[in-house]
Protein chains: 2
Amino acid sequence: MRTSFHKERTPQYFHDAKDVRVRTRTRALSIDRAKREVRVRDLATGVEEDLPYDRLVIATGSVPNKPPIPGIDLPGVITVTDLHAAIAVKDKLSRGQVNRAVIVGAGPIGCEMAEALADLWGIETHVIEMADHVLPGALDHTLAEMVRVHLEEKSVHLHLGRRVTEIREKAENGLLEVMVSEESPIAAELVVPAAGVHPDSDLARRAGLLVAPSGAIVVNVRLQTSDPNIYAGGDCIEIPHLITGKPVYFPQGSLANRQGRVIGTNLAGGSARFDGTVGSFAIKIFDLSVASVGLTCQSALNNGFDAESVIVVQADRAHFYPTHDLIYLQLTVDRKTRRILGAQAVGANGDAVTGRINTIAASFPGKSTIEDISNLEIAYSPPFASALDIVNAAGNTAENILDGLSRPMKPEEFEKCFLVEESTDCLCLDVREPAAAAPFVKHFGRRWLNIPQETLKGRMGEVPRDKRLLLVCGSGARSYEALRRLDQAGIDNTVNVQGGVSVLEKSGILKTEKDEEGQS
Amino acid sequence: MRTSFHKERTPQYFHDAKDVRVRTRTRALSIDRAKREVRVRDLATGVEEDLPYDRLVIATGSVPNKPPIPGIDLPGVITVTDLHAAIAVKDKLSRGQVNRAVIVGAGPIGCEMAEALADLWGIETHVIEMADHVLPGALDHTLAEMVRVHLEEKSVHLHLGRRVTEIREKAENGLLEVMVSEESPIAAELVVPAAGVHPDSDLARRAGLLVAPSGAIVVNVRLQTSDPNIYAGGDCIEIPHLITGKPVYFPQGSLANRQGRVIGTNLAGGSARFDGTVGSFAIKIFDLSVASVGLTCQSALNNGFDAESVIVVQADRAHFYPTHDLIYLQLTVDRKTRRILGAQAVGANGDAVTGRINTIAASFPGKSTIEDISNLEIAYSPPFASALDIVNAAGNTAENILDGLSRPMKPEEFEKCFLVEESTDCLCLDVREPAAAAPFVKHFGRRWLNIPQETLKGRMGEVPRDKRLLLVCGSGARSYEALRRLDQAGIDNTVNVQGGVSVLEKSGILKTEKDEEGQS
């Protein structure tokens, strides 16, 4: 209820400072579009009245999705999407009534709740998610796995690819029993459904306004509904997705704020536009920051794009600067048009991570291509960026892949082929220096070969020609150079493992004792 | 000489790893374009030879400008633009031979040297700058003054609007005596000229290649010189400025890196482009980070634009997030086309500051307007941004100004009118809460009136109608609302002081005992 300058925003304040009459505890019952009146009821007195309007704004927001699970209405099952529910959860926690909690859904709200419960309150926290990775709307598999590894390091119990089938109350101790597909039931004092939200468009629908199949109110670029005297904005509308061109429901407080200004301008006789969203998203989960924009590779494929994903790893500032953190960045690119379709990033330094994603987001409305990203002018100074920033490196890597200069292997393909299937048709060729490769050679034996990239020219005779070679280095850069050299020597049954050992370790595919500093 | 993975890059490494023959201690003497040969001399043996080429790349870089000052060649005057000079300076410092140093120029190199000398070595450091503010190429006056205040807090002595007229050696003690216009001479053991660099294009000029009046080699978007078999890149070329459309000399390691890839692609038969620069710049000066892109307001005016500047102040993340720092952001906008011409920012959190400037930079190639900036999709989450980020707020503020809804007053105009001239025709009307305004009311007496914005409607009778009112709040947001309300009441002899007390204090115009937390 307070601004950034700690001013409380009461109805009295709005009246005094802005001539706005705020009516709290008042419900809008219906809209009479012919008479231009809204029927409202004072919830304290029960008195109803009709408020006339010239222009009307619908900002009814969203309501939480309620998964169709038997037992979802039991006491102890609390959905946290309003202040009152949050207070109810906090009361329960602060009275020491919760030892174990189950969160249903590993989207943004589920992940933020997991951090709050496990970190702030020290509660044994389980998260059940139907998809095979966390944050499925924002991240593809590899980066999502980095988040999973981090959540598990922070003692959050993840149950991926699982559903809650029922919630029961145990008569003997009053505990909730959460039935999970393919797993044993989990006994808990608190269950938090976090299955997203849907638009609250009931009032609009009953007034005969156009509402999309998603349930969201349909608006034009002026944010007018199908009745030009009625505007709508915020979590109750759908807006164009600027990458797919299709309408999308993307409820974000930031977009609601910007829509508010557009509506205000238009109400006052102006002609402001809200053209749509590129889908910018950010979240902090414990010590890891996550940001994304546009489409995931999976979502791009689902939308009919000929999509390719590109993963790069690089420090957030010059490598010789005393402190730096790695950023893991994935681009989604369109093979045909070479357009950037999306980007996602994970790293410890949130401002650096979001800074890169925002920069890519800003380039979208110009329909940026990988060449634009290669030359995107990130300001350079060692404390803030490398001379060739990770954003540029991602563009260059995408270019190499689309031009056929590189043959990338996704980290999960590496996992499947090298670790799960233990295919005898392929070998890892690690082109790092011997000290970095040694633990892997020791562990994998003859399946993990080490020839440092700078010695490769002189040791070409040692390179096996009867196997598929999975080229690996610290980040994927030197192994790309090795791939080029091997190609020149006619050895082209090779792939470059994207992001190298750094990504394999960060996403939990390879588990070693070494820390990141030891990599190369 | 080392990569981010600590690999040393010796000539041997380049030979082994990349088949590149690096010839150190070898000078390129001349180019015979007809024969396609470069004459080189081995500096160790004196032997000369002709190296044939199919394609040639000139990457001769830049040389430091040498100000035409008598005494500039004395021992103890050391220009730091190569490794050897840096080592010479460091030797002198580490032997304890320097108690006082004079830096000539307050551009990026001068400011970085000032930090190194004053902070790392504890030396009394003086900086002499001809312009009336530091970093004149990157910042307009107000934000530059914030840097000045910070440098002075860190004990750096700035002499702005001054020239070094001569450097003498004092016979009695061997000290250098630096003669400064309008000031007493400064005795120092070390003088560091930091007056920028110019392109090293001598080889190209003698080969008959087209060289611009600036001395930079002229290239096309493929980075070919006037001889299509000869490419050039890095600090020896000029490139198009994407805002003005004019060629510009903007030597930056980051651009050189990107040009290197473009040239490499084209040498190998590809057709990559380097379209130009938007002028992204960043620097860290002690605890302050500075970034800019595009044109300063002054430079935009010089280039014939009808430019206006807009200053906003806002936290780098949600105000309710436990830690946050203020960002001071200035936009340069074109009144006629509403295009963004430039942006500059200052703040303590460098990743947040550069993140915003990079985001604006990325929107330039699409020729972004203020409306684009108002809706620029900065990813929102409280740890990383406000729901309405400072970038959006800057766009909105620019819109208000260009649409005539606000009448901005520049902080330096406030200083001139209210503080220097102490004009009796104007009054400050401070619309913050009484506690925040009290020290100012106490100090300025009847010239500093306080009516909180939310009480203005009921206290309209107290507002003087015979004076020009300089409206002030913490950041310029509430004073804008006050301006609108006063306009409605017919009181329009008002201006809104841009950035409010926050900017006035940060730039040293108003000096108070209060810290930023006390402001509103």
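Residues numbered from 1 in each chain as written. Chains lettered and ligands numbered in written order. Predicted model: local features only at pLDDT ≥ 70, side-chain atom pairs only at ≥ 80, totals over all residues.

## Comments concerning the overall build of chain A
Along the backbone of chain A there are 14 helices and 27 strands. By principal-axis analysis of the C-alpha atoms, chain A measures approximately 90 × 65 × 40 Å. In chain A, 61% of the contacts between residues at least 6 apart in sequence involve partners at least 24 apart. (Helix = DSSP H or I, 4+ residues; strand = E, 2+ residues; numbered from the N terminus. Contact = placed C-beta atoms within 7 Å.)

## Here's the deal with the relation of the copies chain B and chain A
For these two chains of identical sequence, chain B goes onto chain A by a turn of 180° and a shift of 0.0 Å along the axis, with RMSD 0.0 Å. As the rotation angle and translation indicate, the two copies are arranged about a two-fold axis. Comparing interface residues between copies, 100% of those in chain B also sit at the interface in chain A, which points to an isologous, same-surface contact. (Least-squares fit on C-alpha atoms with pLDDT ≥ 70 in both.)

## Some words on the nonpolar core
Residues A:Val290, A:Leu470, B:Val290 and B:Leu470 are the most contacted members of the largest nonpolar core, which totals 245 residues. When near neighbours in sequence (up to four residues on either side) are disregarded, B:Val290 contacts B:Leu135, B:Ala138, B:Leu139, B:Val147, B:Ala282, B:Ile283, B:Ile285 and B:Val346. (Core = buried A, V, L, I, M, F, W, Y, C linked by C-beta atoms within 7 Å. Buried ≥ 20, exposed ≤ 12 C-beta atoms within 10 Å, placed from the backbone.)

## Side note on the sheet that holds strand 6 (residues 100–104) of chain A
Residue and element names in this part refer to chain A. Taken in spatial order, the four strands line up as 8-7-6-12 in an open sheet, and their pairing is parallel. Every other strand in the sheet has two partners, leaving strand 8 (157–160) and strand 12 (190–193) as the edge strands with one partner each. When strand polarity is set aside, the average angle formed by the axes of neighbouring strands in this sheet is 15°. Direction of pairing for strand 6 relative to strand 12: parallel, over a ladder of four bridges. The partner of Val104 across the bridge, within strand 12, is Pro193. Its contacts with the sheet put helix 3 (residues 108–120) on strand 6, strand 7 (124–129) and strand 12, and the angle it makes with strand 7 is roughly 165°. (Pairing = 2+ DSSP bridges. Axes fitted to C-alpha atoms, helices over the stretch in contact; angles between N-to-C directions.)

## Description of the domain arrangement of chain A
In terms of domains, chain A is made up of domain 1 (1–53), domain 2 (83–197), domain 3 (282–402) and domain 4 (408–518). Spacing between the C-alpha centres of domain 1 of chain A and domain 3 of chain A amounts to 44 Å. (Domains from an automatic or database assignment.)

## Details of the environment of A:Leu74
Residue and element names in this part refer to chain A. Relative to the assigned elements, Leu74 resides in the loop between strand 5 (62–64) and helix 2 (83–94). Using a count of 12 C-beta atoms within 10 Å as the deciding quantity, one classes Leu74 as exposed. When the C-alpha positions of Leu74 and Arg168 are compared, they lie 8.0 Å apart, and in sequence the two are 94 residues distant.

## Digging into the pairing of strand 7 (residues 124–129) of chain B
Residues in a regular strand project their side chains so that they alternate between the two faces of the sheet. Residue and element names in this part refer to chain B. Burial runs high along strand 7: five of the six residues are buried. After leaving strand 6 (residues 100–104), the chain enters helix 3 (residues 108–120) and then returns to the sheet as strand 7, a path that is right-handed. Alignment of strand 7 against strand 8 (residues 157–160), held across four bridges, turns out to be parallel. Bridged to Glu129 within strand 8 is Leu160. For the handedness criterion, the β-α-β arrangement of strand 7, helix 4 (residues 141–153) and strand 8 is classed as right-handed. (Right-handed = clockwise from strand over helix to strand, strands pointing away.)

## Remarks on the sheet that holds strand 19 (residues 288–294) of chain B
Residue and element names in this part refer to chain B. The antiparallel open sheet is built from five strands, whose spatial order is 18-19-22-21-20. Two strands in the sheet have a free side with no partner beyond their single neighbour: strand 18 (281–285) and strand 20 (307–315). On average, adjacent strands in this sheet sit at an angle of 15° to one another, irrespective of strand direction. Pairing analysis gives five bridges linking strand 18 to strand 19, with the strands arranged antiparallel. Looking across to strand 19, one finds that Ala282 is bridged to Ala291. The strands that helix 8 (residues 350–363) touches are strand 18, strand 19, strand 21 (326–334) and strand 22 (340–347); relative to strand 19, the one it contacts most, it runs at about 5°.

## Topic: the interface of chain B and chain A
If you look at the interface, chain B gives 58 residues, while chain A gives 58 residues. Elements represented by at least two residues in the side of chain B that touches chain A include exactly helix 1 (11–18), helix 6 (253–267), strand 18, strand 19, helix 8, helix 9 (370–374) and helix 10 (390–402) of chain B. The greatest single-element share of the side of chain B that touches chain A, amounting to 11 residues, is contributed by helix 8 of chain B. Considering only residue class, the side of chain B that touches chain A consists of 24 nonpolar, 25 polar and nine charged. (Nonpolar A, V, L, I, M, F, W, Y, C, P; charged D, E, K, R; others polar.)

## Quick look at the confidence of the model for chain A
Residue and element names in this part refer to chain A. Across chain A, the average pLDDT comes to 94, with 97% of residues at or above 70. Note on residues 515–520: pLDDT is under 50 here. Beyond four places in sequence and across chains, it has 13 contacts. Note on the complex model: pTM 0.94, ipTM 0.92. (pLDDT = per-residue confidence, 0-100.)

## A word on unusual backbone geometry
One non-glycine residue, A:Leu223, lies in the positive phi region at around 70°. As for its placement among the helices and strands, A:Leu223 is situated in the loop between strand 14 (217–218) and strand 15 (230–232). The residue B:Arg25 is not glycine, and still its phi comes out positive at about 50°. With respect to the element layout, B:Arg25 can be found in the loop between helix 1 and strand 1 (26–32).

## Thoughts on the packing of helix 8 (residues 350–363) of chain A against helix 8 of chain B
Running from amino to carboxyl end, helix 8 of chain A crosses helix 8 of chain B at an angle of 10°, the nearest separation of the two axes being 7 Å. When the axes of helix 8 of chain A and helix 8 of chain B are compared, the pair comes out roughly parallel. Between helix 8 of chain A and helix 8 of chain B, the contacting residues are A:Asp351, A:Ala352, A:Thr354, A:Gly355, A:Asn358, A:Thr359, A:Ala362 and A:Ser363 on the first element and B:Asp351, B:Ala352, B:Thr354, B:Gly355, B:Asn358, B:Thr359, B:Ala362 and B:Ser363 on the second. Here the contact of helix 8 of chain A with helix 8 of chain B is composed, by residue class, of four nonpolar, 10 polar and two charged. (Parallel < 35°, antiparallel > 145°, perpendicular 65-115°, else oblique.)

## Concerning the pairing of strand 6 of chain B
Residue and element names in this part refer to chain B. Counting buried residues along strand 6, four of its five residues qualify, which places the element largely inside the surrounding structure. Across five bridges, the pairing between strand 6 and strand 7 is parallel. Within strand 7, the position partnered with Arg100 by the bridge is Glu124.

## Observations regarding helix 3 of chain B
Residue and element names in this part refer to chain B. The end-to-end C-alpha separation of helix 3 is 17 Å, in line with the 18 Å expected for 13 residues at 1.5 Å each. Inspection of helix 3 places Pro108, Ile109, Gly110, Cys111, Ala114, Leu117 and Ala118 among the buried residues, and these make up the whole buried set. One or two steps after helix 3, the chain reaches Gly122, where phi turns positive at roughly 65°. (Expected span 1.5 Å × (residues − 1).)

## A word on helix 3 of chain A
Buried within helix 3 of chain A we find A:Pro108, A:Ile109, A:Gly110, A:Cys111, A:Met113, A:Ala114, A:Leu117 and A:Ala118. On its buried side, helix 3 of chain A packs onto strand 6, strand 7, helix 4 (141–153), strand 12 and strand 18 (281–285) of chain A.

## Comments concerning the environment of A:Phe281
With respect to the helices, strands and loops of the structure, A:Phe281 is situated in strand 18. Spatially, the C-alpha atoms of A:Phe281 and A:Ser292 are 5.2 Å apart, while their sequence positions differ by 11 residues. With residues up to four places along the chain from it excluded, the contact list for A:Phe281 reads A:Ala138, A:Ala291, A:Ser292, A:Val293 and B:Ala379.

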